[in-house]
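Chain by chain, the residues run as shown.
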Amino acid sequence: MLALHPRNRLKTSREIESLDLPNCRLIKGIEAGSEDIDILPNGLAFFSVGLKFPGLHSFAPDKPGGILMMDLKEENPRALELRISRGFNLASFNPHGISTFIDTDDTVYLFVVNHPEFRNTVEIFKFEEEDNSLLHLKTIKHELLPSVNDIVAVGPAHFYATNDHYFSDTFLKYLETYLNLHWTNVVYYSPNEVKVVAEGFDTANGINISPDKKYIYVADILAHEIHVLEKHPNMNLTHLKVLELDTLVDNLSIDPSSGDILVGCHPNGQKLLVYDPNNPPSSEVLRIQNILSEKPTVTTVYANNGSVLQGSSVASVYDRKLLIGTLYHRALYCEL
């Protein structure tokens, strides 16, 4: 079924040289993926762990997903699983993209793309810092959110989300990718209005917002591109520019100190989708400086052939500490 992906979109022949960092360790307690990571301004990092998908490798197929937290201000930070309030279905929790929002009263909201029984919902939680727990507030389902991948929160119940397929049916998804329809999109959701605000992507994936809140960045994974969209007061988006890269771009994070974009990438998509422990998927993290300029600077922050870290999907930085998460493998903590 995966032969349907045209080879050049998956970069099937690409191999990479490792560019390892000196002060790194694998994070204890993350064994089966940490697909997305979001860090609060105070150094608390949230990890979305245990994502499962039909046809996707999993090291813990029977264990539900969860949300872990790590305090990067600590000398030797550890990842702790956050308790989730009663009444939320933990057994079917299958978290994907995540995003935090801090309200004017300092309430912290965590938005989580969830695929219970491979369906599509967005869960909104309130983070209770005093007892390291999440209070579930709301489950959002909508016909314009058929195949949600990632999310960026812009209000207490307001967000932009990417759909990585137009269809929700598994067979139609394969067909759509094979036919290269470019039907995937970005949707704006609020309690009063839900609308498609950008479309025509091959496979819209990671999404984030610039520090000044003027621009939305979207990763198109199978087109190997990052799109820059201008955000308007009515929340509509207009296409500004596209940056072409030589790798499958997954999640996008913003370095709060510089505004640079950190990208978790898959150098070879075939290895990611058809898992072989003897030839595992590699990892790659890129930093993009001055994306709005004529010639943005793209540098490799980290690269590994899969011997340490397999299938990097996200990289987030806080105060010279770098976290790298993966689609279904481990997670790495580095001091830069």
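The following paragraphs examine the structure supplied in this document. (Residues numbered from 1 in each chain as written. Predicted model: local features only at pLDDT ≥ 70, side-chain atom pairs only at ≥ 80, totals over all residues. Heavy atoms only, no water.)

Considerations on the pattern of salt bridges
Spelled out, the test is: Put simply, a salt bridge is a Lys or Arg side-chain nitrogen that is within 4 Å of an Asp or Glu carboxyl oxygen.
Evaluation of the coordinates by the stated rule reveals twelve salt bridges. Between lysine 73 and aspartate 71 there is a salt bridge, with its nearest N and O atoms 3.5 Å apart. Lysine 195 is the partner of glutamate 193 in a salt bridge, and the nearest nitrogen-oxygen pair spans 3.5 Å. Each of Lys11, Arg14, Asp246 and Glu284 takes part in a single network of salt bridges with overlapping partners.

Description of the packing of aromatic side chains
How two aromatic rings sit relative to each other is given by the distance of their centres and the angle of their planes. Note the cut-off: Pairing of aromatic side chains here covers Phe, Tyr and the six-membered ring of Trp, requires ring centres within 6.5 Å, and sorts the geometry by plane angle: under 30 degrees stacked, over 60 edge-to-face, intermediate tilted.
Counting across every chain of the model gives ten aromatic pairs. In this structure an aromatic cluster arises from ring pairing among Phe59, Tyr275 and Tyr328.

Examining the sheet that holds strand E5 (residues 79–81)
Put simply, the rule reads: A pair of strands is considered paired only if DSSP assigns at least 2 bridges between the two. Note on conventions: DSSP H or I runs of at least 4 residues are helices, E runs of at least 2 residues are strands, and numbering of each starts at the N terminus. Fitted lines through C-alpha atoms give the axes, limited to the stretch in contact for helices. The angle between two N-to-C directions lies from 0 to 180 degrees.
Taken in spatial order, the four strands line up as E2-E3-E4-E5 in an open sheet, and their pairing is antiparallel. Each end of this open sheet is capped by a strand with a single partner; those strands are strand E2 (34–39) and E5. Here the strands of the sheet are splayed against their neighbours by 25° on average, with no regard to which way each runs. By the bridge criterion, three bridges tie strand E4 (residues 66–71) to E5 in an arrangement that is antiparallel. Counted as the bridge partner of methionine 70 is alanine 79 from E5.

These figures come from the coordinates and say nothing about function on their own.
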